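What the coordinates show
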Amino acid sequence: MLTPDHISDSVEVVTVRRDSSAPSGETTVVRLLGLLPATWSCTSEVSPDRVRLRIELAGGTDRSAVRRALREVLADTALYGWAQEN
């Protein structure tokens, strides 16, 4: 789920494990961060079945860019079993 954070210059991205055979959140957060643009500033909260990223909107990055990037990243086979939270 992409939701505006209480701070107007960031977006919250939450992904959840939908397949119990998929890697845990600790592995997944590394993969997510590795596939997102390196210039993005992110903070994370991780549990075995859920990863929450807060992505700062800076340098021309906007909510639509985050949505596009997340869609592309979650299509990568390294993130099989994980999906955007509805």
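Shown above is the structure to which this text applies.
Let me begin by describing the structure that accompanies this report. Nothing here was measured: the structure is a model prediction, and the numbers come from that model.

Some remarks on the pattern of salt bridges
- This model, assessed by the stated rule, comprises four salt bridges.
- When salt bridges with common partners are traced through the structure, they connect E12, E45 and R52 into a single cluster.

Concerning helix 2 (residues 63-74)
- Here helix 2 is 12 residues long and its end C-alpha atoms lie 16 Å apart, about the 16 Å a rise of 1.5 Å per residue gives.
- Within helix 2, burial applies to A65, V66, A69, L70, V73 and L74. For helix 2, the arc enclosing every buried residue in end-on projection is 150°, short of the 170-degree limit, so these residues lie on one face. Facing away from the buried side of helix 2 by over 90 degrees, the exposed positions are R71 and E72.

Quick notes on the rules
Residues numbered from 1 in each chain as written. Predicted model: local features only at pLDDT ≥ 70, side-chain atom pairs only at ≥ 80, totals over all residues. Heavy atoms only, no water. Salt bridge = Lys/Arg side-chain N within 4 Å of Asp/Glu carboxyl O. Helix = DSSP H or I, 4+ residues; strand = E, 2+ residues; numbered from the N terminus. Expected span 1.5 Å × (residues − 1). Buried < 20%, exposed > 50% of the residue type's maximum accessible area, 1.4 Å probe, protein only. Arc of directions from axis to C-beta.

The quantities given are spatial measurements derived from coordinates; they are silent on function.
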